[in-house]
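One letter stands for each residue in the lines below.
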Amino acid sequence: MSAPAAQAPAHVAIIMDGNGRWATQRGLPRIEGHRRGVETVRTTTFAARDLGVRMLTLYAFSIENWKRPEEEVGALMGLLELYLKKELDTFVRDRVRLRTIGRTEELPAGVQRVLRTTIEETKGFTDYTLVLALNYGSRTEVVDAARAYAAAVASGREKLNDGSWATFSRYLYTSDMPEPDLVIRTSGETRISNFLLLQAAYAEFVFTPVLWPDFTKSDLAAAIADFNRRERRFGRTSAQLKPAAAK
Ligand code: FPP
C-alpha cells in the first residue's frame, strides 16, 4: 500500500538564525551574513509556496534585536527597505500578499512607507501570504492585546465576564491569521526566543543545524516531511484520532 499523500502544513513559521555565524565562519562582516540571509528569504518565500504552504511567517526583526550594535541595526533596516522595494513587483506579479506582525509603527519612516505600499498593493491576493514579524515580541504582543482588550471592556464593546481565549485572541496581532502548524528554527539553537509563544501552543517544532543563509528548498521539504511523520493530538489520545476509533 502506498503511503498516505503528504499534506503540507498550511502555516509555517521560521526563526531565521545563523546569519552572523555564517559570515564569521568565512571571515566576513556579520552584515554579509544578513545580506545572504535576505537571498534565503527570497528563495524560501517561493519554495514554501511550491511545497503547498499557504502562509509563511518569518521572524525578521525582534524587539530584542534593537540591543544589537547600532551599525548592525541600521544595516538590517537598510536591507529590509531595499528588499521590500525590490520585491514589490515580484509580489504583485506572483500574487504574494504581504502582511506584518509587530510594532511596525516604531520602525524607520522609510521602512514604514514601503511596507504600507506593499501591503496595500498586495492585499487582494488570498492564496499565499508572507508575514514578516518586524519589531515583534510575544510578550509585547500580549501587553498590546491586554491594553486593547481593557479599552474595549471600558468602552462596553466587550464584557469582562465573557472573557475566553476566542475573545482575547482577537486582540493579538495575529487575530485574522491561522495558528502556525510548523515552527522551524535554523542554526542548531533550540529556543523559541519570544516568537509566537501563544500561537504555537500546538505547533510542531523542527530544529535544524543549517545556518539560515544555507537553508534550501530541500531543507524546507525535509522539515515538512518530518512534520508529516508526527501525530498531532491536540490533547486527545492516539486511539481517538484513528478512523477505527471513530463512532
Ligand atoms: C539571525 O541571525 C537573524 C536575524 C537577526 C534577523 C534575520 C534577518 C534577515 C534574514 C535579513 C533581513 C530580513 C528581511 C526580511 C529582509 P544572527 O545574526 O542572530 O546570527 P548568529 O546567531 O549566527 O549571530
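Cut-offs and rules
Residues numbered from 1 in each chain as written. Predicted model: local features only at pLDDT ≥ 70, side-chain atom pairs only at ≥ 80, totals over all residues. Heavy atoms only, no water. Helix = DSSP H or I, 4+ residues; strand = E, 2+ residues; numbered from the N terminus. Polar contact = N/O pair within 3.5 Å; in protein donor to acceptor, adjacent residues only side chain to side chain. Contact = heavy atoms within 4.5 Å. Buried < 20%, exposed > 50% of the residue type's maximum accessible area, 1.4 Å probe, protein only. Pairing = 2+ DSSP bridges. Axes fitted to C-alpha atoms, helices over the stretch in contact; angles between N-to-C directions. Parallel < 35°, antiparallel > 145°, perpendicular 65-115°, else oblique. Left-handed = near helix turned anticlockwise from the far one by under 90°. Nonpolar A, V, L, I, M, F, W, Y, C, P; charged D, E, K, R; others polar. Expected span 1.5 Å × (residues − 1). Salt bridge = Lys/Arg side-chain N within 4 Å of Asp/Glu carboxyl O. Phe/Tyr/Trp six-rings, centres within 6.5 Å; stacked < 30°, edge-to-face > 60°. Near = heavy atom within 4 Å. Areas by Shrake-Rupley, 256 points an atom, 1.4 Å probe, with all protein chains shown as cover. Arc of directions from axis to C-beta.

Draft legend 1. Highlighting the side chain of E204. Summarising the element assignment, E204 is placed in strand β6 (residues 204-207). Looking at E204, its side chain comes within polar contact range of the side chain of R230, at 2.9 Å. Ignoring sequence-local partners within four residues, the contact set of E204 consists of D181, L182, V183, F227, R230 and R232.

Draft legend 2. Structural detail: the pairing of strand β2 (residues 55-62). Extensive coverage of β2 is indicated by the burial of seven of its eight residues. Note that strand β1 (residues 11-15) and β2 share five bridges and pair parallel. Bridging from a neighbouring strand, I14 pairs with L58 of β2. Relative to strand β4 (residues 129-136), β2 runs parallel, the two being bridged by seven bridges.

Draft legend 3. The arrangement of the packing of helix α2 (residues 30-50) against helix α3 (residues 70-93) in detail. Two numbers describe how α2 lies on α3: the axes approach to 10 Å, and their chain directions differ by 30°. One finds that α2 runs roughly parallel with respect to α3. Crossing angle aside, the handedness with which α2 passes α3 is right-handed. Contacts between α2 and α3 pair R30, I31, H34, R35, V38, V41, R42, T45 and F46 from the former with E72, A75, L76, L79, Y83, K86, E87 and T90 from the latter. In terms of residue class, the contact of α2 with α3 is made up of eight nonpolar, three polar and six charged.

Draft legend 4. Local environment of helix α5 (residues 138-154). End to end, α5 covers 24 Å across 17 residues, agreeing with the expected 24 Å (1.5 Å per residue, within 8%). All of the buried residues in α5 are S138, T140, E141, D144, A145, Y149 and A152. Contacts made by the buried residues of α5 are with β4 and α6 (165-168).

Draft legend 5. Spatial organisation of the pattern of salt bridges. With the rule as written, the count across this model stands at 22 salt bridges. Note that R30 and E72 form a salt bridge whose closest N and O atoms lie 2.8 Å from each other. Of this pair, R30 sits in helix α2 while E72 sits in helix α3; the two residues are 42 residues apart in sequence, bridging distant segments of the chain. Note on R30: relative accessible area 36%, which makes it partly exposed. Under the relative-accessibility criterion, E72 is labelled buried at 10%. Close ionic contact of R230 with D226 constitutes a salt bridge, the shortest N to O distance being 3.1 Å. Three or more residues are tied together by salt bridges with common partners; here these are D17, R21, R185, E189 and R191.

Draft legend 6. View of the packing of aromatic side chains. One pass over the full model with this rule turns up 12 aromatic pairs. Ring geometry for Y59 against Y136: centres 6.0 Å apart, planes inclined by 80°, an arrangement best described as edge-to-face. Here Y59 is found in strand β2, whereas its partner Y136 is found in strand β4, with 77 residues between them in sequence. In this structure Y59 comes out as buried when scored by relative accessible area, which is 8%. The interplanar angle of 45° and the centroid separation of 6.5 Å between the aromatic rings of W165 and F168 together place this pair among those described as tilted. With a gap of three residues between them, W165 and F168 both fall in helix α6, about one helical turn apart.

Draft legend 7. Seen up close, the site of the ligand. The immediate surroundings of the ligand are formed by 16 residues, with D17, G20, R21, R30 and R68 found nearest. Residue G20 places a main-chain N or O atom 3.0 Å away from an oxygen atom belonging to the ligand. For the ligand, the protein covers 92% of the area, taking 620 Å² as the surface of the free molecule. Those elements giving two or more residues to the shell around the ligand turn out to be α1 (19-25), α2 and α3. Sort the elements by how many residues they give to the shell around the ligand and α2 lands first, with four residues.

Draft legend 8. Here's a closer look at helix α4 (residues 109-122). Over its 14 residues, α4 extends 20 Å from the first C-alpha to the last, a length consistent with the 20 Å expected when each residue adds 1.5 Å. The set of residues buried in α4 consists of G110, V111, V114, L115, T118 and T122. Projection of α4 onto a plane perpendicular to its axis shows the buried side chains occupying an angular sector of 130°, all on one side. In α4, the exposed positions that point more than 90 degrees away from the buried face belong to R113 and R116. On the buried face of α4, the contacting elements are α3, β3 (97-101) and β4.

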